[in-house]
Amino acid sequence: MNYALATRTTSLLPPPQSTTPRLAQAAVLYSRVRGQIPKLEWDSFADDAIAIERLKGEHDAIVLAHNYQTPEIFHGVADIVGDSLALAREAEKTSASVIVLAGVHFMAETAKILNPSKTVLIPDVRAGCSLADSITAADVRALKAAHPGVPVVTYVNTSAEVKAETDVCCTSGNAKKVVEAITREWGVDRVIMIPDKYLAANIGAETGIEMITWDGACEVHERFTPADIAEYREAMPGVAVLAHPECPPEVVAAADYSGSTAGIADYISLRRPAKAVLITECSMADNIAALNPRTEFLRPCNLCPHMKRITLGGIRRSLETMTFEVLVDPAVASRARLAVERMLAI
Ligand code: 13P
Ligand code: SF4
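Everything numeric here is computed off the predicted structure, so don't read it as measured data.

Chemist: I'm lost on the packing of helix H1 (residues 22-33) against helix H2 (residues 39-59) in this one. Help?
Modeler: Closest axis-to-axis distance for the H1/H2 pair is 9 Å, and the angle between their directions is 110°. Here H1 is positioned roughly perpendicular relative to H2, judged by the angle of their axes. Counted together, Arg 22, Gln 25, Ala 26, Leu 29, Tyr 30, Arg 32 and Val 33 of H1 and Lys 39, Trp 42, Asp 43, Ala 46, Asp 47, Ala 49, Ile 50 and Glu 53 of H2 form the full contact between these two elements. Taken together, the residues of the contact of H1 with H2 break down into 8 nonpolar, 1 polar and 6 charged.

Chemist: Would you mind showing me how to read the state of the cysteines here?
Modeler: Linking two cysteines covalently through their sulfur atoms gives a disulfide. Summed over all chains, the structure comprises 1 disulfide. For Cys 282, the disulfide goes to Cys 301, at an S-S distance of 2.0 Å. Measuring handedness by torsion sign, the sulfur bridge of Cys 282 and Cys 301 sits at about 60° and is right-handed. Taken together, the residues span a long stretch of sequence, with Cys 282 in helix H13 (residues 282-289) and Cys 301 in the loop between strand E13 (296-298) and helix H14 (312-321) at a distance of 19 residues. With relative accessibility at 8%, the residue Cys 282 sits in the buried group. In this structure Cys 170 is a free cysteine whose sulfur lies 7.4 Å from that of Cys 169, the closest cysteine sulfur available. A relative accessible area of 0% means that Cys 170 is categorised as buried.

Chemist: Just checking my understanding: could you explain the pattern of salt bridges for this structure?
Modeler: For side chains of opposite charge, pairing can occur when their charged atoms come near one another. Summed over the entire model, instances satisfying the criterion amount to 19 salt bridges. In this structure, Glu 53 and Arg 32 form a salt bridge, with 3.3 Å as the shortest nitrogen-oxygen distance. A residue pair is termed long-range when its members are at least 10 positions apart, and Glu 53 in helix H2 and Arg 32 in helix H1 qualify at 21 residues. Of the two residues examined, Glu 53 and Arg 32, each falls in the buried class.

Chemist: I tried to follow the sheet that holds strand E8 (residues 190-194) on my own but got confused; where do I start?
Modeler: Think of a sheet as strands paired side by side through backbone hydrogen bonds, with each pair either parallel or antiparallel. Within the open sheet, the 4 strands sit side by side as E7-E6-E8-E9. Their pairing is parallel. The two strands at the open ends of the sheet, each matched to only one other strand, are strand E7 (168-170) and strand E9 (210-212). On average, each strand axis in the sheet is tilted by 35° relative to the strand beside it, whichever way the strands run. When strand E6 (residues 152-155) meets E7, the two strands line up parallel, connected through 3 bridges. Residue pairing in the sheet places Tyr 155 in a bridge with Cys 170 of E7.

Chemist: Would you explain the site of ligand 2 in this entry?
Modeler: Taken together, Tyr 68, Val 104, Cys 129, Ser 130, Leu 131, Asn 157, Cys 218, Val 220, Glu 246, Cys 304 and His 306 make up the full set of residues near ligand 2. When atoms are counted within 2 Å of each cavity's grid points, the one that captures over half of ligand 2 is the largest cavity. Within the shell around ligand 2, the residues separate by chemical class into 7 nonpolar, 3 polar and 1 charged.

Chemist: Help me understand empty space enclosed by the protein in this model?
Modeler: With a probe scaled to a water molecule rolled over the atoms, the places where space remains empty come into view. Considering all chains together, one arrives at 3 cavities of 30 Å³ or more under this definition. Empty space within the largest cavity amounts to approximately 260 Å³. The set of elements that each furnish at least two residues to the lining of the largest cavity consists of helix H4 (84-93) and helix H5 (105-114). Split by residue class, the lining of the largest cavity holds 12 nonpolar, 13 polar and 4 charged. Quantified by volume, the second largest cavity comes out at close to 80 Å³. Taken together, Leu 64, Ser 84, Leu 87, Ala 88, Ala 91, Leu 101, Phe 106, Met 107, Thr 110, Ala 111 and Val 156 form the lining of the second largest cavity. The residue makeup of the lining of the second largest cavity, split by class, is 9 nonpolar, 2 polar and no charged.

Chemist: I keep staring at unusual backbone geometry and nothing clicks. Help me out?
Modeler: Pro 195 follows Ile 194 through a cis peptide bond whose omega is -5°. As for its position among the elements, Pro 195 is in the loop between E8 and helix H9 (197-207). Residue Phe 324 is bonded to the preceding Thr 323 through a cis peptide linkage, with omega at -5°. Relative to the elements of secondary structure, Phe 324 occurs in the loop between H14 and helix H15 (330-345). For Arg 272, which is not a glycine, the phi torsion comes out positive at approximately 45°. Phi is positive for Met 322, which is not a glycine, with a value near 55°. If you trace the backbone, Met 322 turns up in the loop between H14 and H15. Residue classification places Met 322 among the partly exposed positions, given a relative accessible area of 28%.

Chemist: I keep staring at the sheet that holds strand E12 (residues 275-279) and nothing clicks. Help me out?
Modeler: Strand order across the open sheet formed by 4 strands is E11-E10-E12-E13, with parallel pairing between neighbours. Edge positions in the sheet fall to strand E11 (257-258) and E13, since each has one partner strand and no second. Summarising the sheet, strand E10 (residues 240-243) and E12 pair through 4 bridges and their orientation is parallel. When the bridges of E12 are listed, Ala 240 appears paired with Ala 276. Of the strands in this sheet, E10, E12 and E13 touch helix H10 (residues 226-235), which is tilted by about 165° from E12.

Chemist: When you look at H9 in this model, what are you seeing that I'm missing?
Modeler: Helical geometry note: an α-helix holds 3.6 residues per turn, so side chains three or four residues apart project in the same direction. Within H9 the residues assigned to the buried category are Tyr 198, Leu 199, Ala 200, Asn 202, Ile 203, Gly 204 and Thr 207. With a side-chain oxygen lying 2.8 Å from the backbone nitrogen of Tyr 198, the N-terminal cap of H9 falls on Asp 196. The first or second residue beyond H9 is Gly 208, which carries a positive phi of 75°.

Calculation rules
- Residues numbered from 1 in each chain as written.
- Chains lettered and ligands numbered in written order.
- Predicted model: local features only at pLDDT ≥ 70, side-chain atom pairs only at ≥ 80, totals over all residues.
- Heavy atoms only, no water.
- Axes fitted to C-alpha atoms, helices over the stretch in contact; angles between N-to-C directions.
- Helix = DSSP H or I, 4+ residues; strand = E, 2+ residues; numbered from the N terminus.
- Parallel < 35°, antiparallel > 145°, perpendicular 65-115°, else oblique.
- Contact = heavy atoms within 4.5 Å.
- Nonpolar A, V, L, I, M, F, W, Y, C, P; charged D, E, K, R; others polar.
- Disulfide = S-S within 2.5 Å.
- Buried < 20%, exposed > 50% of the residue type's maximum accessible area, 1.4 Å probe, protein only.
- Salt bridge = Lys/Arg side-chain N within 4 Å of Asp/Glu carboxyl O.
- Pairing = 2+ DSSP bridges.
- Near = heavy atom within 4 Å.
- 1 Å grid on protein atoms, 1.4 Å probe; cavity = no way out; pocket = protein on both sides within 12 Å on 5 of 7 lines; lining within 4 Å.
- Sits in = over half its atoms within 2 Å of the grid points.
- Points joined across faces, edges and corners; volume = space filled by probe spheres on them.
- Polar contact = N/O pair within 3.5 Å; in protein donor to acceptor, adjacent residues only side chain to side chain.

Below, the structure written as structure tokens:
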């Protein structure tokens with residue numbers, strides 16, 4: 001399985017008008033999650049999962065889920081799973097009329113920016129992000145005024161208004177490539193890279209390109225420390241330590257590999273380490289552990305409270321009531337789209 005993108009194009013359930021009894025429908029759906037979720041636990045999710053499958057058919061909807069979603073969403077009802085980059089790419093490509101974004105608000109906004117004519121829903125509007133909250137469009141304008149002629153590279157974990165002030169967006173999966181491409185194109189050796197000070201420092205260290213950054217951080221990844229990594233190595237000798245680049249540079253330096261959530265998952269499925277610890281949000285290890293039975297996982301847990309606002313019941317309600325619709329001012333969206341499309345082109 002390629003975690004950068006896993007797609008289910010057809011529903012496993014019989015058509016909505018089918019008279020197949022609930023138990024049979026539940027059994028069909030359970031086949032998706034067998035091995036990932038114990039049967040008893042799944043029983044409590046089955047009604048919502050059946051309803052979601054039916055509602056997807058009725059509304060011509062798909063569920064896009066980020067790698068940090070809980071297993072019953074990730075394995076149970078998502079049509080497409082992936083990192084921020086894969087979700088943006090798929091949002092651009094889908095022919096479905098309705099996109100339900102099982103992730104945080106900036107991801108839903110990015111889907112809407114790329115698909116102005118489609119209905120984009122987020123099951124809980126409170127699913128924010130400490131990075132997106134750290135910076136405003138006025139902050140970006142001030143940075144540009146202070147550093148004229150320097151390109152602005154903005155992490156997708158930002159609002160549409162911030163993206164609209166941006167030359168090009170990036171995700172953790174393509175940040176290095178984007179920074180290298182834009183500095184070549186502009187003939188410069190520094191960039192304004194916002195709002196994650198740690199991602200900027202990590203990419204600066206990797207590329208040698210000077211970074212003007214912002215004081216933003218991910219509240220989940222900034223909690224990891226080099227002492228944590230030393231502790232994991234002691235607890236599980238020989239463990240492969242895989243860190244997300246939103247972690248502080250000293251944590252990334254102490255790890256064996258750093259990459260986006262898709263990069264981390266691909267590392268596990270391709271290199272198959274005997275033991276691994278993922279220095280990222282905890283649902284990630286839950287989602288990939290069952291699919292990689294030969295790897296033993298140490299599972300420290302830093303939860304993202306925003307990602308955890310999305311639940312199976314919430315996705316069902318979202319499709320039942322067609323809420324909460326994500327809207328972006330068309331003038332802002334068209335400027336933000338340029339920055340996102342420039343990233344996708346790179
Ligand atoms: P990626 O899945 O793009 O690595 O992003 C991680 C993240 O923190 C999203 O909120
Ligand atoms: Fe934002 Fe961090 Fe949560 Fe991702 S994990 S949504 S970057 S707070």
